[in-house]
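Examining the three-dimensional arrangement
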Amino acid sequence: AARVHDADPEIILQACVFEIVSQNVTNLPVPDWALTALGQPVEKRNFRYEAMVYPDRRDRDQWSPGASVPDVSRDETKLWFYYLAASYINAGCEAIHFGQAEIMNRNDRGLDNWAQVIGRVRQYAAKHARRRLVLCDAHVPGGGLAREGRLLLDFHSFPLRIAEVAQRPQEGELQV
């Protein structure tokens, strides 16, 4: 990131927090700073896969055995998402793509949990990001993550796409 920003300081790098969590997360220790930020007791432990997936086994092994859709309403998922986003911000990213957000909120119909995750990521960015902000987006074919009349994301990457305009290089059209 530093080399890219040295070449062009206006570039915004984007990282992804996708709609997948695998059992491999159990190999990663949870850093104290992430536990503290989410108001959890500091303890020496690794991330807990079973505490991130839907308890009713919905979307279990969706992507492959041991790779499932996480449930954003679960505290461990919020901890995992915060850890990933903050780590990407520390690496120099200023945009976070939250994948297929709507398949992770089946237990979060009021979007309280998404609002909490995105809010904490924005708070972290306000102190640690290069420009003190982060752009957040996701794929939202259902129309967007709107809570209390406000969109939680800065933009939606899907269902809208930028399509090439063949006759005019470097131009595009926004299409569904």
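What comes next is a walk through the structure. Starting from 1, residues in each chain are numbered consecutively following that chain's sequence as written. Selection of residues for local features in this predicted model requires a pLDDT of at least 70, selection of side-chain atom pairs for listing and counting requires 80 or more, and totals for whole chains, interfaces and linings are taken over all residues. Neither water nor hydrogens contribute to the side-chain values; these are computed over all heavy atoms in the structure.

Notes on a nonpolar patch on the surface
Taken together, the side chains of Leu160, Ile162, Leu174 and Val176 make up a nonpolar region of the molecular surface, amounting to roughly 470 Å² of accessible area. Per the convention used, a helix needs a DSSP run of H or I reaching at least four residues, while a strand needs a run of E reaching at least two, with both numbered from the N terminus. Tracing the backbone through its elements, the reader meets Leu160 in the loop between strand 8 (155-158) and strand 9 (161-164). Each patch is built from residues lacking any salt bridge and having more than 30% relative accessible area; the joining distance is 9 Å for like charges and 5 Å for nonpolar side chains (Val, Leu, Ile, Met, Phe, Trp, Tyr). Under the convention used here, a 1.4 Å probe and the Shrake-Rupley method define accessible areas, while residue burial counts only the protein chains that appear. Within this document, salt bridges are pairs made up of a side-chain nitrogen of Lys or Arg and a carboxyl oxygen of Asp or Glu, the two lying within 4 Å of each other.

Structural notes on the packing of helix 3 (residues 75-91) against helix 4 (residues 112-128)
Two elements in contact, helix 3 and helix 4, have axes separated by 10 Å at closest approach and are oriented at 25°. One finds that helix 3 runs roughly parallel with respect to helix 4. For the pair helix 3 and helix 4, the sense of crossing is right-handed. Only Asn113, Trp114, Gln116, Val117, Arg120, Val121, Tyr124, Ala125 and His128 of helix 4 make contact with helix 3, whose side of the interface consists of Lys78, Phe81, Tyr82, Ala85, Ala86, Ile89 and Asn90. To define axes, lines are fitted to C-alpha atoms, for helices over the stretch in contact only, and angles between the resulting N-to-C directions are given on a 0 to 180 degree scale. Angles are sorted into four bins: roughly parallel if under 35 degrees, roughly antiparallel if over 145, roughly perpendicular if 65 to 115, and oblique for all others. Note: crossing handedness is left-handed where the near helix turns anticlockwise from the far helix by less than a right angle, and right-handed where it turns clockwise. Note on definitions: a residue-residue contact is assigned when non-hydrogen atoms from the two residues lie within 4.5 Å.

Brief notes about the state of the cysteines
Disulfides are defined as pairs of cysteine sulfur atoms found within 2.5 Å of each other. Under the criterion given, the structure shown has zero disulfides. As a non-bridged cysteine, Cys93 has Cys16 as the owner of its nearest cysteine sulfur, 8.9 Å distant. Considering cysteine sulfurs only, Cys16 is the nearest to Cys136, which forms no disulfide, with 12 Å between them. The class of Cys136 is buried, set by a relative accessible area of 0%. For the exposure calls, accessible area comes from a 1.4 Å probe over protein chains only, and a residue counts as buried if that area is under 20% of its type's maximum, exposed if over 50%, partly exposed in between.

Brief notes about the packing of aromatic side chains
Only centres within 6.5 Å qualify two rings of Phe, Tyr or Trp (six-membered ring in Trp) as a pair; their planes then separate them into stacked at under 30 degrees, edge-to-face at over 60, and tilted for everything else. Using the criterion set out here, one finds nine aromatic pairs in the structure. Ring centres 5.8 Å apart and planes at 20° place the aromatic pair Phe81 and Trp114 in the stacked group. With a gap of 33 residues between them, Phe81 in helix 3 and Trp114 in helix 4 connect regions that are remote in the sequence. Its relative accessible area of 0% is what places Phe81 among the buried residues.

Details of the pattern of salt bridges
Under the counting rule described, the total for this entry stands at 14 salt bridges. Between Arg131 and Glu94 there is a salt bridge, with its nearest N and O atoms 2.8 Å apart. One end of the pair, Arg131, is in the loop between helix 4 and strand 5 (135-139); the other, Glu94, is in the loop between helix 3 and strand 4 (95-100), with 37 residues separating them in the sequence. Several salt bridges share partner residues, and in doing so they unite Glu10, Glu94, Arg130 and Arg131 into one network.

Considerations on the pairing of strand 4
Most of strand 4 sits inside the fold, with five of its six residues counted as buried. By this definition, two strands are paired if DSSP reports at least two bridges between them. Of the strand pairs in this sheet, strand 1 (residues 14-16) and strand 4 are connected by three bridges, and their pairing is parallel. Paired with Cys16 across the bridge in strand 4 is His97. Relative to strand 5, strand 4 is paired through four bridges, and the arrangement is parallel. Along strand 5, the bridge assignment pairs His97 with Asp137. Regarding the hand of the β-α-β motif, the stretch spanning strand 4, helix 4 and strand 5 is right-handed. Assignment of crossover handedness uses the view with strands pointing away from the viewer, where a clockwise path from the first strand over the helix to the second indicates a right-handed crossover.

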